[in-house]
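One-letter residues, chain by chain:
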There are 2 protein chains.
Amino acid sequence: MPDTQSLIFKSLSDPTRRAIFEQLCREGEQTVGFLTSGAGISQPAVSKHLGVLKRAGLVRDRQEGRLTHYCADPAALAPILDWTREMAGFWEARFDKLEDLLKRMDQ
Amino acid sequence: MPDTQSLIFKSLSDPTRRAIFEQLCREGEQTVGFLTSGAGISQPAVSKHLGVLKRAGLVRDRQEGRLTHYCADPAALAPILDWTREMAGFWEARFDKLEDLLKRMDQ
DNA sequence: TCAATCCATAGCCAAATAGTTATGAATTAC
DNA sequence: GTAATTCATAACTATTTGGCTATGGATTGA
């Protein structure tokens, strides 16, 4: 199995899947049928997308009779938020070091 | 051509590519040859990864004789940082609304 | 009970992806 | 001038991906 970050980034790299996740973030819990009605693709395709999002931890499902409700778990975005900030941080650090160097050279 | 967010997410969904980008963020500008020496894959494979990162705006290249230097542009991460924060925000908003509702019901 | 609804899974297909080797253009070194 | 180095591109391959239709289990409604 791929690492968590790859799973999350890959999940979000597909626009359809991102739209489904966004819908769940905006509107809260939704059934598969309702998500399908707005997605422009077949129900099995939506189910597969939901499966991918679930494997990445981005959504959870809840059974209720024959309905399956899905909801987003935005907390699962934390790993990529952290990683992204870390990358920006490395860059800042190198920039600071350069600034220091220039300052020292100036004296 | 896919939208910018898809390009960025897709670029970062591959661990090898993420490692290359991370290397450039940590260490700054590097040649293709040097990146290849640490990547564990062939030079053409590295070049292709760099091409993908470049198309997503995540890296820039600079020619110097027969050497090609690549450097990261972490500012290009902004779109997905914004999107991620927006998603978390929607969730917060719904949570606040629920809290309000509960408060009103309590009275 | 029988029909209808909801959704997950299976099986198929075309396109994209990540790797490879081979090659060639441009530059540098001898 | 010739050889060596650097890297991008081309051509190929195996795997993954995102869509589809078909199906069937579980639940609900008549």
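What counts and how
- Residues numbered from 1 in each chain as written.
- Chains lettered and ligands numbered in written order.
- Predicted model: local features only at pLDDT ≥ 70, side-chain atom pairs only at ≥ 80, totals over all residues.
- Heavy atoms only, no water.
- Near = heavy atom within 4 Å.
- Polar contact = N/O pair within 3.5 Å; in protein donor to acceptor, adjacent residues only side chain to side chain.
- Helix = DSSP H or I, 4+ residues; strand = E, 2+ residues; numbered from the N terminus.
- Nonpolar A, V, L, I, M, F, W, Y, C, P; charged D, E, K, R; others polar.
- Pairing = 2+ DSSP bridges.
- Axes fitted to C-alpha atoms, helices over the stretch in contact; angles between N-to-C directions.
- Parallel < 35°, antiparallel > 145°, perpendicular 65-115°, else oblique.
- Contact = heavy atoms within 4.5 Å.
- Core = buried A, V, L, I, M, F, W, Y, C linked by side-chain atoms within 4.5 Å.
- Buried < 20%, exposed > 50% of the residue type's maximum accessible area, 1.4 Å probe, protein only.

Participant: Is there a simple way to explain the protein's contact with DNA strand C in this structure?
Facilitator: Around DNA strand C, a shell composed of 22 residues is seen, among which G33 and S47 of chain A together with S42, K48 and H49 of chain B lie nearest. In this structure, T68 of chain A approaches DNA strand C through a main-chain N or O atom, which is 3.0 Å from a phosphate oxygen. Here S42 of chain B contributes a side-chain N or O atom positioned 2.6 Å from a phosphate oxygen of DNA strand C. Listing elements by their share of the surface near DNA strand C, those giving two or more residues are α3 (32-39), α4 (43-55) and β3 (67-72) of chain A together with α2 (15-27) and α4 (43-55) of chain B. Examining the composition of the surface near DNA strand C, we find that 4 residues originate from one element, α4 of chain B, more than from any other. By residue class, the composition of the surface near DNA strand C is 7 nonpolar, 9 polar and 6 charged.

Participant: Please clarify how the sheet that holds β3 of chain A should be interpreted in this entry.
Facilitator: The pairing of strands in a sheet happens through backbone hydrogen bonds and is either parallel or antiparallel. All names here are of chain A. Strand order in this open sheet of 3 strands is β1-β3-β2, and the pairing throughout is antiparallel. Here the strands that pair on one side only, and so sit at the sheet edges, are β1 (30-31) and β2 (59-64). As paired strands, β2 and β3 are joined by 6 bridges and run antiparallel to one another. In the sheet register, V59 faces β3, and the bridge partner there is A72.

Participant: Just to check I follow, could you spell out the packing of helix α1 (residues 4-12) of chain B against helix α5 (residues 78-106) of chain B for this structure?
Facilitator: Geometry of a packed helix pair, given as the angle between the helix axes and the separation of the axes. All names here are of chain B. Relative to each other, α1 and α5 sit at 100 degrees, their axes nearing to 9 Å. Relative to α5, the element α1 is oriented roughly perpendicular. In contact with Q5, I8, F9 and L12 of α1, α5 contributes P79, I80 and W83.

Participant: Quick question: what am I supposed to make of the nonpolar core here?
Facilitator: The nonpolar side chains of soluble globular proteins are, as a tendency, buried together. One finds L12, F21 and L58 of chain A together with L12, F21 and L58 of chain B to be the most contacted residues of the largest nonpolar core, which totals 48 residues. Among all residues touching L12 of chain B, those that are not within four sequence positions of it are F9 and W83 of chain A together with R18, F21, L58, L77 and I80 of chain B.

Participant: Could you clarify how one ought to interpret the sheet that holds strand β2 (residues 59-64) of chain B in this entry?
Facilitator: All names here are of chain B. The 3 strands are arranged β1-β3-β2 in an open sheet whose pairing can be described as antiparallel. At either margin of the open sheet sits one strand with a lone partner, and together these are β1 (30-31) and β2. Running at roughly 85 degrees to strand β3 (residues 67-72), α2 makes contact with β1, β2 and β3 of the sheet.

Participant: Which parts of the structure should I look at to understand the protein's contact with DNA strand D?
Facilitator: If you check the shell around DNA strand D, you find 22 residues, and the closest are S42 and H49 of chain A together with G33, Q43 and S47 of chain B. Near the protein, meaning within 4 Å, the atoms of DNA strand D are sugar or phosphate in a fraction of 63%, with bases accounting for the rest. Side-chain polar atom of K48 of chain A to a base oxygen of DNA strand D: 2.8 Å apart, as the coordinates give it. Contributing elements (two or more residues each) for the surface near DNA strand D: α2 (15-27) and α4 of chain A together with α3 (32-39), α4 and β3 of chain B. In terms of residue count, α4 of chain A provides more of the surface near DNA strand D than any other element does, 4 residues in total. In terms of residue class, the surface near DNA strand D is built from 7 nonpolar, 9 polar and 6 charged.

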